[in-house]
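Single-letter residue listing:
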Amino acid sequence: MPETVFVLNGPNLNLLGTREPEIYGSATLDDIAGMLEDRARELGLEIDLRQSNHEGHLVDWLHEAQAVGAKAVLLNAGAFTHTSIALHDAIKAIRTPVIEVHLSNPHTREAFRHKSYVGMAAKATIAGFGPLSYLLALEGARKL
């Protein structure tokens, strides 16, 4: 049975493809899921991709990732990246490695996006490569 990598996506990422395409591009979350599933299959991994606009769901899924023995979590927490001490604490509370993922580079954007509570707890951060950020994070997760 292949090892599973959770891919957790936060608020507004369900709108990818139509939401500010000049920043986030035209790929939808389904497009990204397809790319990840194809690459995961090649790597002998399985993807469990989820999205929620609710912070508590993301916390619960982080706990679940550890409970089911997931290899890693790729987490694009969206705006919760910059506000959620709860996500920070959930990442610190589990042994499953978490890789923070962003389509854009938060450091080139508004000042409030420069602080990442997720990044302070995550094993690594990959940002600024659009959908490729997810694939790069998956490659990193494979090597953990």
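Quick caveat: nothing in here was measured; it's all calculated off a predicted structure.

**Examining the packing of helix H2 (residues 29–43) against helix H6 (residues 132–143)**
- Running from amino to carboxyl end, H2 crosses H6 at an angle of 30°, the nearest separation of the two axes being 10 Å. In terms of orientation, H2 lies roughly parallel with respect to H6. The handedness of the crossing between H2 and H6 comes out as right-handed. Every residue of H6 that contacts H2 at Ile32, Met35, Leu36, Arg39, Ala40 and Leu43 is listed here: Tyr134, Leu135, Leu138, Glu139 and Arg142.

**Looking at H2**
- An ideal rise of 1.5 Å per residue puts 21 Å on 15 residues; H2 measures up with 21 Å between its terminal C-alpha atoms.
- For H2, every residue scored as buried is listed here: Leu29, Ile32, Ala33, Leu36, Ala40 and Leu43. Seen end-on, H2 carries its buried residues on one side only, within an arc spanning 100°. Opposite its buried face, H2 presents the exposed residues Asp30, Arg41 and Glu42, each directed more than 90 degrees away.
- Residues of H2 that are buried in the fold lie against strand S1 (3–9), strand S2 (45–51) and H6.
- One or two residues past the end of H2 sits Gly44, with phi positive at roughly 75°.

**Observations regarding a nonpolar patch on the surface**
- Residues Phe129, Leu132 and Leu136 make up a contiguous nonpolar surface patch of about 260 Å² in total accessible area.
- Its location among the elements puts Leu136 in helix H6.
- Leu136 gets classed as partly exposed once you look at its relative accessible area, which sits at 32%.

**With respect to the pairing of strand S4 (residues 98–102)**
- By the criterion of burial, S4 is predominantly enclosed, with 5 of the 5 residues buried.
- In S4, alternate side chains face the same way, and those of Val98, Glu100 and His102 on one face and Ile99 and Val101 on the other are all buried.
- In this structure, strand S3 (residues 72–76) lies alongside S4, joined through 3 bridges in parallel fashion. Paired with Val73 across the two strands is Val98, which belongs to S4.
- On the question of chirality, the crossover connecting S3 to the parallel S4 by way of helix H4 (residues 85–93) is right-handed.

Reading the values: the criteria
Residues numbered from 1 in each chain as written. Predicted model: local features only at pLDDT ≥ 70, side-chain atom pairs only at ≥ 80, totals over all residues. Heavy atoms only, no water. Axes fitted to C-alpha atoms, helices over the stretch in contact; angles between N-to-C directions. Helix = DSSP H or I, 4+ residues; strand = E, 2+ residues; numbered from the N terminus. Parallel < 35°, antiparallel > 145°, perpendicular 65-115°, else oblique. Left-handed = near helix turned anticlockwise from the far one by under 90°. Contact = heavy atoms within 4.5 Å. Expected span 1.5 Å × (residues − 1). Buried < 20%, exposed > 50% of the residue type's maximum accessible area, 1.4 Å probe, protein only. Arc of directions from axis to C-beta. Patch = residues over 30% accessible without salt bridge, like charges linked within 9 Å, V, L, I, M, F, W, Y side chains within 5 Å. Areas by Shrake-Rupley, 256 points an atom, 1.4 Å probe, with all protein chains shown as cover. Salt bridge = Lys/Arg side-chain N within 4 Å of Asp/Glu carboxyl O. Pairing = 2+ DSSP bridges. Right-handed = clockwise from strand over helix to strand, strands pointing away.

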